[in-house]
Amino acid sequence: MKITRQDVENVALLSRLEMTKEELDAYAGQLNAILEYADVLNKLNTKDVEPTAHVLPLKNVMRPDAVKPSLPRELALSNAPEAEDGYFKVPKIMEG
């Protein structure tokens, strides 16, 4: 697939970018060079390569849940701007 100057111009228009004719030609050339380089991958023999979403084997790295004592209520509320009846007091955002 070859990228034309018109393709670059359309993308520039959609991106609200002003480009000179020289810039449009330069970007078209650069993008074509990138696509030609990436096309090398199409020549590789991948017949025996299993599809994968990641190159490394991944596993769940989260720790197991464990019950632990929580922070004392007084300490948790000590820096709160306002507290009421042992809870954080926040502005009302809904009517009702």
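Bear in mind that the values here come from a model prediction, so they are computed numbers and not experimental data.

Participant: Explain the packing of aromatic side chains to me, please; I cannot follow it from the model alone.
Facilitator: Centre-to-centre distance and the angle between the planes together describe a pair of aromatic rings. This structure, assessed with the given rule, holds 0 aromatic pairs. Lying across the ring of Tyr-87, Arg-73 places its NZ or CZ 5.6 Å from the centre.

Participant: Help me out: how do you make sense of the pattern of salt bridges in this one?
Facilitator: Proximity of charged atoms lets side chains of opposite charge pair with each other. One pass over the structure, following the stated rule, counts 3 salt bridges. One salt bridge in this structure joins Asp-25 and Arg-5, with 3.7 Å as the shortest N-O distance. Of this pair, Asp-25 sits in helix α2 (residues 21-38) while Arg-5 sits in helix α1 (residues 5-14), placing them 20 residues apart in sequence. On the basis of relative accessible area, Arg-5 is assigned to the partly exposed category, the value being 31%. Two residues, Glu-84 and Lys-89, come together in a salt bridge whose shortest N-O distance is 3.2 Å. Linked through salt bridges whose partners overlap, the residues forming this network are Glu-82, Glu-84 and Lys-89.

Participant: Please explain the packing of α1 against α2 as it appears in this structure.
Facilitator: Packed helix pairs are specified by the crossing angle of their axes together with the interaxial distance, meaning the distance between the axes. For the pair α1 and α2, interaxial distance at closest approach is 8 Å and the crossing angle is 110 degrees. Considered as vectors, α1 and α2 are oriented roughly perpendicular to each other. Contacts between α1 and α2 pair Arg-5, Val-8 and Glu-9 from the former with Lys-21, Leu-24, Asp-25, Tyr-27, Ala-28 and Leu-31 from the latter. Class assignment for the residues of the contact of α1 with α2 results in 5 nonpolar, no polar and 4 charged.

Cut-offs applied
Residues numbered from 1 in each chain as written. Predicted model: local features only at pLDDT ≥ 70, side-chain atom pairs only at ≥ 80, totals over all residues. Heavy atoms only, no water. Phe/Tyr/Trp six-rings, centres within 6.5 Å; stacked < 30°, edge-to-face > 60°. Lys NZ or Arg CZ within 6 Å of the ring centre and 35° of its normal. Salt bridge = Lys/Arg side-chain N within 4 Å of Asp/Glu carboxyl O. Helix = DSSP H or I, 4+ residues; strand = E, 2+ residues; numbered from the N terminus. Buried < 20%, exposed > 50% of the residue type's maximum accessible area, 1.4 Å probe, protein only. Axes fitted to C-alpha atoms, helices over the stretch in contact; angles between N-to-C directions. Parallel < 35°, antiparallel > 145°, perpendicular 65-115°, else oblique. Contact = heavy atoms within 4.5 Å. Nonpolar A, V, L, I, M, F, W, Y, C, P; charged D, E, K, R; others polar.

Any functional reading would require information that these geometric values do not contain.
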